[in-house]
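Architecture and fold: a report
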Amino acid sequence: MGLESRELNRIITNISSDIDFSGVVHVKQGEEVLVHRAFGCADRSEERRNDIHTRFGIASGCKLFTAIGICMLVEQGKIDFHTPLADCLDIAFPHVDPQITIHQLLTHTSGMPDYFDEEKMSDYEELWKDYPVYRIESLHDFLPLFQEEQMKFPPGERFRYNNAGYIVLGLILEQQTGRTFTEYIETKIFKPCGMMNSGYFSMDRLPRNTALGYIDEEEAGAWRTNIYALPKQGGSDGGAYTTAADMIKLWEALFRYELLEEETTNKLLHPHRAVNEEIHYGYGIWMNKKGSDIYKYHVMGYDPGVSFRASVYPGLDVKVVVPSNKESGPLEMTKGLEEILFAEEIRK
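Residues numbered from 1 in each chain as written. Predicted model: local features only at pLDDT ≥ 70, side-chain atom pairs only at ≥ 80, totals over all residues. Heavy atoms only, no water.

**Focus on the overall build of the chain**
Summing up its helical and strand segments, the chain has 8 helices and 14 strands in all. A globule of 348 residues ought to have a C-alpha radius of gyration of about 20 Å, and the chain, at 20 Å, matches this closely. Seen through its principal axes, the chain has C-alpha atoms that stretch 55 × 50 × 35 Å. The burial tally for the chain puts 57% of its 348 residues in the buried class. Pairs at least 24 residues apart make up 65% of the contacts formed inside the chain by residues separated by at least 6 positions. Approximately 15,300 Å² of the chain is accessible, and the part contributed by carbon and sulfur atoms is 45%. For the chain, the separation between the mean place of its 36 positive charges and that of its 54 negative charges on side chains is 4 Å. (Helix = DSSP H or I, 4+ residues; strand = E, 2+ residues; numbered from the N terminus. Rg over C-alpha atoms; globule rule 2.2 N^0.38 Å. Buried < 20%, exposed > 50% of the residue type's maximum accessible area, 1.4 Å probe, protein only. Contact = heavy atoms within 4.5 Å. Areas by Shrake-Rupley, 256 points an atom, 1.4 Å probe, with all protein chains shown as cover. Lys, Arg positive; Asp, Glu negative; His and termini not counted. Charge placed at Lys NZ, Arg CZ, Asp CG, Glu CD.)

**Details of the nonpolar core**
By size, the foremost hydrophobic cluster in this structure holds 85 residues, and its most contacted members are Phe65 and Leu268. Broken down by element, this core gets its largest block of residues, 9 residues, from helix H2 (residues 63–75). Ignoring anything within four residues of it in the chain, the contact list for Leu268 reads Leu64, Ala67, Ile68, Cys71, Leu254, Leu260, Gly282, Tyr283 and Ile285. Formed by 19 residues, the second largest nonpolar core is a distinct cluster that contains Leu8, Phe21, Val25 and Val320. (Core = buried A, V, L, I, M, F, W, Y, C linked by side-chain atoms within 4.5 Å.)

**A word on helix H4 (residues 163–177)**
The terminal C-alpha atoms of H4, which comprises 15 residues, lie 21 Å apart, in line with the 21 Å expected from a rise of 1.5 Å per residue. For H4, a buried count of 12 out of 15 residues is recorded, marking the element as mostly surrounded by other parts of the structure. Three or more residues of H4 are buried, namely Asn163, Ala164, Gly165, Tyr166, Ile167, Val168, Leu169, Gly170, Leu171, Ile172, Leu173 and Glu174. Along its buried surface, H4 packs onto H2, helix H3 (102–106), helix H5 (181–193) and strand E10 (279–281). The N-terminus of H4 is capped by Asn162, whose side-chain oxygen sits 2.9 Å from the backbone nitrogen of Ala164. Of the residues flanking the end of H4, it is Gly178, one or two places downstream, whose phi is positive at about 75°. (Expected span 1.5 Å × (residues − 1). Polar contact = N/O pair within 3.5 Å; in protein donor to acceptor, adjacent residues only side chain to side chain.)

Dropping the structure here:
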C-alpha cells in the first residue's frame, strides 16, 4: 500500500503556514511522485514566486557530489582511499600531516585545519571581512584561509566536520584530471543523471528561475540577499545550485549504480564513522541507524540565506528533497513528513 498523498499535502500545507516556508517539497515513492509543491518567493523585490522548477543553492548538500567524483578517480585507478595527501596533491601545507588519507578527508577525520573554525567564530560572514567574497572564484582562492594553520588533531583520531578537507579533495580532483572541479562534476555527474537545471553558478550571473537567498533580520524587521555573504562561486565544499527534481535524479542514479560500480557505491554508503549512537557518516553522506539497519541516508546544507535537506528511506522506497532560499525550513518540513512516513510503515 502506498503513502497517502492527501495526508502528506495536508501536513506540508500546515507546516508551511506555521514556519512561513519558502522553497520546494518533493516526495517520491518508487516511480510515483506523491508531492511536488512550491512555496514563497524566489525574488521578493519582484514578487516572483518559487515554482517546482526553481533552482536553489544547496550549500554543503553537494559534498556528496565531491565524494562521488573522488570515487570515480578511485575506479579509474588514479588514487585509492588510502592514498596519502602527499602522493596526490602538489600543494604545500607546512603544518599538515602529509600522511592524511583520502578516506580521512572524505569522512571528516583528517584533523586538517578548517577555514571556518567554529571554535573561533560563530558567524560565517566574518570570514569575508579580510577576504571579500568576490575574490573567491576558484578552489585555490580558499587556500589563504587555512593553508598555514596547524593540525587540529592527529589523522583519524575523531570526527570533526571540515569544509577545508573537501576543498582539498576538490584540488586533488583537479590535479588528477587536469580539469576544473566544477567542469568535472557538471560533465561526469550532472549530465549523465539528466540534471540539466543544476550547476555551479556565479552569484553575479545566476540563470533564469534561480531563487535568491534571503537573510531575515527579524529584530530590525528587514531582510537582505546573501550575495555578500557567500563565495562568488561554489566549489567542492558546497555552493552548487539544483532543483528538487534534479536531486531526485541524482539519488536514483546513485542507488541504481549508474554513477559508480556497486562495490564503490557500497563503500560510499558505508557508515564509516559514528557521529553519535544513531548518526553515522559515509563518504559525503549522513546516515541514521537503528541497530545494524540504516533507515535513512541524507545530505544537508546550511549557509546564510540557504537551507537544504535531501533524504532516502530505503525501507520505504521513498525519497524526499526540500530546498529553501531561507535559513530554515527544510528540517521542520522533513521531520513532519517523517512522522507520516513512519506512521504508515508501522501500520503495514
